[in-house]
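Here is what each chain is made of, one letter per residue.
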Amino acid sequence: MMQKPLSVDGQRKVINAGSIHYPRSTPEMWPDLIQKAKDGGLDAIDTYIFWDVHEPRRREYNFAGNLDFVKFFKIIQDAGLYGILRIGPYVCAEWNYGGFPLWLHNTPGIELRTNNEIYKNEMQIFTTKIINMCKEAKLFASQGGPIILAQIENEYGNVMEKYGEAGKEYIKWCAKMAVAQNISEPWIMCQQKDAPPPMINTCNGFYCDQFKPNNPKSPKMWTENWTGWFKLWGGKDPYRSAEDLAFSVARFFQLGGVLNNYYMYHGGTNFGRTAGGPYIVTSYDYHAPLDEYGNLNQPKWGHLKQLHAAIKQAEQFFTGATAETKNLKKNVDVTKFTINATGEKFCMLSNVDNLSNVKVQVEEGGDEFFVPAWSVTFVQNCSKEVYNTAKVNTQSSVMVKKQNGEDEENYNNGVGGGAKKLSWMWTAEPVEDTLKGRGTFKASQLLDQKDATFDTSDYLWYMTTVDTKNASLSNATLRVITNGHALHAYVNGKLIGSRFSKQADGQQTVNGDDYSFIFEKPVPLISGYNVISLLSATIGLANYGAFYDTKPTGLVGGSVTLIGNGNATINLTTNQWSYKVGLNGEAKQFHDPNSGNAKWSSSNVPENTSMTWYKTTFKTPSGKEPVVVDLLGMGKGHALVNGHSIGRYWPTQIAENKGCDAQCNYRGSYSDGKCRTNCGNPSQRWYHVPRSYLNADQNVDNTLILFEEVGGTPWNVSFQVVTIGNVCGNAYEGNNLELHCQGDGRISGIQFASFGDPQGTCGSFSIGNYEATQSVAVVESLCVGRPSCEVNVSQSTFGFNSWGNLTSRLAVQAVCK
């Protein structure tokens, strides 16, 4: 069988690509992220285009700052990489509302992602604008630019059935509209089995080795190889091992794949209110090869780098050879690639058993190869192993957060209380008008929150009055059924209670993607007119599923009732309701340190007080390491640095204290619930502060402003830097082990080194049954005092050569300082 080639620049190639979303990072980060991707062996960078941020209001466009996707692609080209343009314009991406702007949803007569003329017209206008911008900047490969593929729509095949015949017609229109854009590069549709020609359908998932394009002339492409998973507030940390990820890629190429794209290669941060879901956290780390801050996520980054080198070594066989796969024994296959013209050959061995390691011969009479369970081996000339997906021969890094600056040593030693405490000022969120029921518009119904706010704020006030002359209602219960994600209820100016659709105490759980809930509290009513003020809050709008755009938010579809003694009830659902969008502090720009509209006080700074704004100043941490702010002690709210939103915070959302896997067995099919970590801890405690948001002059103060919605304590908030703590290495004999510190760090000591059969993992290594006694001394001589070092893992390096045919390995744990 001949592999289906992917032609790039007139050559047949295999491509390893990685998704990096430009709005989830800053322009100052882009060159470093892209260079690290290239250093990791990638050939291309893939990104979505996000309609909602580029056209927040109809025909008003924004392509500045971290929205300058043209600049992003030019940096990709400057690095010598290709680009993949995924317009969508529906993107999903765990992004707020799937990337659609709210004005689109609110356009009269529109139906999204179906055969609706109003929607199709808007989609075509936006798609054409993006294509024309790319053409004007000469970004397509046919113009000498980096973009080799373009995508229209996204994972529509997963939901198309629900749209019926209109969905089928819509996808045909998408293909026709895309082709009419008149670009020379191929168009792709992911997860679209019936993609109309000339669209190339592609695969998304954890494994795509069994995927086959619907057109036998199309190359086999994997647009989203999920490197991990996203995290929810109240959720544990997802984890996908380097071994399993490498296995999925190798198996894909073994069975005819030509393009693999990691989703994500760098996840980044959901700045502002871009996190969707609902309930998706601010971090979009995704356990990607580059972590949220742009650091190398080791060993994943290094293990994949070695995989990519092995793939490139075999590229001529993947693109121009005859491939024959045969079964050697149960769950064990060998694929032999032969270039007919020269007779050159290359083999791949795969063991898809999740329990049993095997020893097999590739060719009769040849050497035996040890293939661990759930792994793939690359065999050069079908006689020499060059890479195995289960054998990690690279560094593992333990990243730590630490205080920065002159107090760092005292902090680490527990002397003097660590870094200098921040000094706080505060002001209350003005609520006098809303607690008296005064809004800006009225309606005799409960409105949909996203429609009323146009998603300009997480908050919408619903206010009404009720005359309760009936004595049986003097001790009533307020009952609210809501489709919002949070509710704070006030009666006659007093907070009577709050409720979330997903409670940290576990009393309220979400049923699938249904985030509705019931709020019930006793209310002390007075005889006469009572004011009921309900503050509804969203925590990211839905981003996935058939008709997700029509899912109700806020109190719409619910009800508000006062329940008294006996059968006495008052249904307030169709009352006259007064509305106010957002917070007064938002309208008055309390988040802007230069606005001057807030009256800040340093006296009697409150603790655990809801609806409070806090303000402090701090110096820019020295060095180049990524900066984070530790918000442990705060409740729930929004954080801004020098006026830049760093996203929603909610450290009181604690992950369930069970279900984590300390000894993760990566073998066997991965799912997003497997190998979870961080049980019993806040889903997110630290929040990324890009250095471009900070003053370069360390003598100039920066400003942190927090809006605290539910009540928190700011005294322990601190700024820290993210750096490498311990560096661990693990490499098998016959390989080189490279160890690296981050930034200006140097290897200051070797805590453990053993060449032999060391046991355990990073942080808990121990000597095995045998070792070279000079292991520590040898590694110290090569590494201590250096920012990086390389150790040839061989018996000659360690002066020991009496172990016969045993294959040994080196384990090292070093300290960077």
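Residues numbered from 1 in each chain as written. Predicted model: local features only at pLDDT ≥ 70, side-chain atom pairs only at ≥ 80, totals over all residues. Heavy atoms only, no water.

By the naming in an unreviewed UniProt entry, the protein is Beta-galactosidase, taken from Melia azedarach.

S.K.: Looking at this structure, I do not really get the sheet that holds strand β25 (residues 517–524). What am I missing?
M.R.: Each strand in a sheet pairs with another by means of backbone hydrogen bonds, the pair being arranged parallel or else antiparallel. Taking strand neighbours across the sheet as the criterion, the four strands line up as β25-β22-β27-β28 in an open arrangement whose pairing is antiparallel. Every interior strand has two partners, whereas the edge strands, β25 and β28 (569–571), have only one. Neighbour-to-neighbour, the strand axes of this sheet turn through a mean angle of 20°, independent of strand direction. In the sheet, strand β27 (residues 559–563) pairs with β28 via three bridges, with the strands oriented antiparallel. By the bridge assignment for β28, Ile 563 is matched with Thr 569. (Pairing = 2+ DSSP bridges. Helix = DSSP H or I, 4+ residues; strand = E, 2+ residues; numbered from the N terminus. Axes fitted to C-alpha atoms, helices over the stretch in contact; angles between N-to-C directions.)

S.K.: Honestly, the pattern of salt bridges in this entry has me stumped. Any pointers?
M.R.: Going through the model one piece at a time under the given rule, you end up with 32 salt bridges. For Lys 120, the salt bridge is made with Glu 117, and the minimal N-O distance between the two is 3.1 Å. Placement of the pair is Lys 120 and Glu 117 together in helix α5 (residues 117–136), with a separation of three residues, close to one helical turn. Using a relative accessible area of 6% as the deciding quantity, one classes Lys 120 as buried. When the shortest N-O distance is used, the salt bridge between Asp 333 and Arg 251 registers 3.6 Å. Within this pair, whereas Asp 333 is found in strand β12 (residues 332–338), its partner Arg 251 is found in helix α7 (residues 242–254), the two being separated by 82 residues in sequence. As far as the burial class goes, Asp 333 and Arg 251 line up, both buried. Among the charged side chains, a salt-bridge network with shared partners connects Glu 55, Arg 58, Arg 59 and Glu 122. (Salt bridge = Lys/Arg side-chain N within 4 Å of Asp/Glu carboxyl O. Buried < 20%, exposed > 50% of the residue type's maximum accessible area, 1.4 Å probe, protein only.)

S.K.: I tried to follow the environment of Val 812 on my own but got confused; where do I start?
M.R.: Tracing the backbone through its elements, the reader meets Val 812 in strand β40 (residues 809–816). C-alpha of Val 812 to C-alpha of Cys 728: the two residues are 84 residues apart in sequence and 5.3 Å apart in space. Here Val 812 is in contact with Val 727, Cys 728, Gly 729, Leu 737, Leu 739, Ile 750, Phe 752, Ala 753, Phe 765 and Val 779, once residues within four sequence places are set aside. (Contact = heavy atoms within 4.5 Å.)

S.K.: Looking at this structure, I do not really get the state of the cysteines. What am I missing?
M.R.: By definition, a disulfide links the sulfur atoms of two cysteine residues through a covalent bond. This structure, assessed with the given rule, holds seven disulfides. Covalent S-S linkage joins Cys 203 and Cys 208, the inter-sulfur distance amounting to 2.0 Å. Note on the Cys 203 and Cys 208 pair: the S-S dihedral is about -75°, so by sign convention the disulfide is left-handed. With respect to burial, Cys 203 and Cys 208 carry one shared label: buried. The disulfide partner of Cys 347 is Cys 382, and the gap between their sulfur atoms is 2.0 Å. Note on the Cys 347 and Cys 382 pair: the S-S dihedral is about 80°, so by sign convention the disulfide is right-handed. Here Cys 382 lies in the loop between β16 (375–380) and β17 (384–388) and Cys 347 lies in strand β13 (residues 345–351), a separation of 35 residues in the sequence. Look at Cys 382 and you get buried, because its relative accessible area is 5%. You can see Cys 92 has no disulfide; the closest cysteine sulfur is in Cys 190, sitting 9.6 Å from it. Assessed through its relative accessible area of 7%, Cys 92 is described here as buried. (Disulfide = S-S within 2.5 Å.)

S.K.: Looking at this model, I keep getting lost on the sheet that holds strand β11 (residues 322–329). Mind explaining?
M.R.: A sheet is described by the order of its strands in space; here five strands give the open sequence β11-β12-β13-β16-β17, paired in antiparallel fashion. The open sheet is flanked by β11 and β17, the only strands paired with a single partner. When strand polarity is set aside, the average angle formed by the axes of neighbouring strands in this sheet is 20°. Taken together, the six bridges between β13 and β16 define a ladder with antiparallel strand orientation. Residue pairing in the sheet places Asn 351 in a bridge with Ser 375 of β16. Most of the contacts of helix α8 (residues 300–313) go to β17, to which it runs at about 140°, and overall it touches β16 and β17.

S.K.: Help me out: how do you make sense of the nonpolar core in this one?
M.R.: One recurring pattern in soluble globular proteins: nonpolar side chains tend to sit buried together. Counting 117 residues, the largest nonpolar core has Phe 69, Leu 85, Leu 307 and Phe 378 as its most contacted members. Among all residues touching Phe 69, those that are not within four sequence positions of it are Tyr 22, Ile 49, His 54, Phe 63, Ile 130, Met 133 and Cys 134. The next biggest cluster of nonpolar side chains, apart from the first, holds 46 residues, and it includes Phe 500, Ala 537, Met 611 and Tyr 693. (Core = buried A, V, L, I, M, F, W, Y, C linked by side-chain atoms within 4.5 Å.)

S.K.: What should I look at first to understand the pairing of strand β14 (residues 358–361) in this one?
M.R.: Sheet faces and side chains relate simply in a regular strand, where the side chains alternate between the two faces. Side chains of β14 alternate between two faces, with Val 358 and Val 360 buried and Lys 359 and Gln 361 left unburied. Of the strand pairs in this sheet, β14 and strand β15 (residues 368–371) are connected by four bridges, and their pairing is antiparallel. Note that in β15 the partner of Lys 359 across the bridge is Phe 370. Taking the residues between adjacent antiparallel strands as the criterion, β14 and β15 are bridged by six residues, where Gly 365 takes a positive phi near 85°.

S.K.: Is there a simple way to explain the packing of aromatic side chains in this structure?
M.R.: The full count for this structure, using the stated rule, is 55 aromatic pairs. Between Tyr 22 and Phe 72, the ring centres sit 5.9 Å apart and the planes meet at 50°, which makes this aromatic pair tilted. One end of the pair, Tyr 22, is in the loop between β3 (15–20) and α1 (30–39); the other, Phe 72, is in helix α3 (residues 69–78), and 50 residues separate them in sequence. Between Trp 424 and Tyr 614, the ring centres sit 6.2 Å apart and the planes meet at 85°, which makes this aromatic pair edge-to-face. With Trp 424 in strand β19 (residues 424–428) and Tyr 614 in strand β30 (residues 612–618), the pair connects residues that are 190 residues apart, well separated along the chain. There is no split in this pair, since Trp 424 and Tyr 614 are both buried. The ring centre of Tyr 90 lies 3.7 Å from the NZ or CZ of Arg 113, which sits over that ring. Its end group placed over the ring of Trp 650, Lys 636 keeps NZ or CZ at 5.4 Å from the ring centre. (Phe/Tyr/Trp six-rings, centres within 6.5 Å; stacked < 30°, edge-to-face > 60°. Lys NZ or Arg CZ within 6 Å of the ring centre and 35° of its normal.)

S.K.: What exactly am I supposed to notice about α5 here?
M.R.: Between its first and last C-alpha atoms α5 spans 28 Å; for 20 residues at 1.5 Å apiece the expected length is 28 Å, and the two agree. Regarding α5, the residues found buried are Tyr 119, Lys 120, Glu 122, Met 123, Phe 126, Thr 127, Ile 130, Ile 131, Met 133 and Cys 134. Each buried residue of α5 sits inside an arc of 165° when the element is viewed along its axis, so together they form one side. For α5, exposure combined with an orientation more than 90 degrees from the buried face picks out Glu 117 and Glu 136. With a side-chain oxygen positioned 3.1 Å from the backbone nitrogen of Ile 118, the residue opening α5 is Asn 116. Just downstream of α5 lies Lys 138, where phi reads positive at about 55°. (Expected span 1.5 Å × (residues − 1). Arc of directions from axis to C-beta. Polar contact = N/O pair within 3.5 Å; in protein donor to acceptor, adjacent residues only side chain to side chain.)

S.K.: Where do I start with unusual backbone geometry in this structure?
M.R.: Peptide bonds are mostly trans, and most non-glycine residues show a negative phi. Here Pro 197 and Pro 198 are connected by a cis peptide whose omega angle stands at 5°. The omega torsion across Tyr 263 and Met 264 is 5°, close enough to zero to call that bond cis. Relative to the helices and strands, Met 264 resides in strand β10 (residues 257–266). Of note in the backbone geometry, Arg 113 takes a positive phi value of approximately 55° without being a glycine. By relative accessible area, which is 2% here, Arg 113 ends up buried. Positioned with a positive phi, Asn 604 is a non-glycine residue whose angle comes to about 50°.

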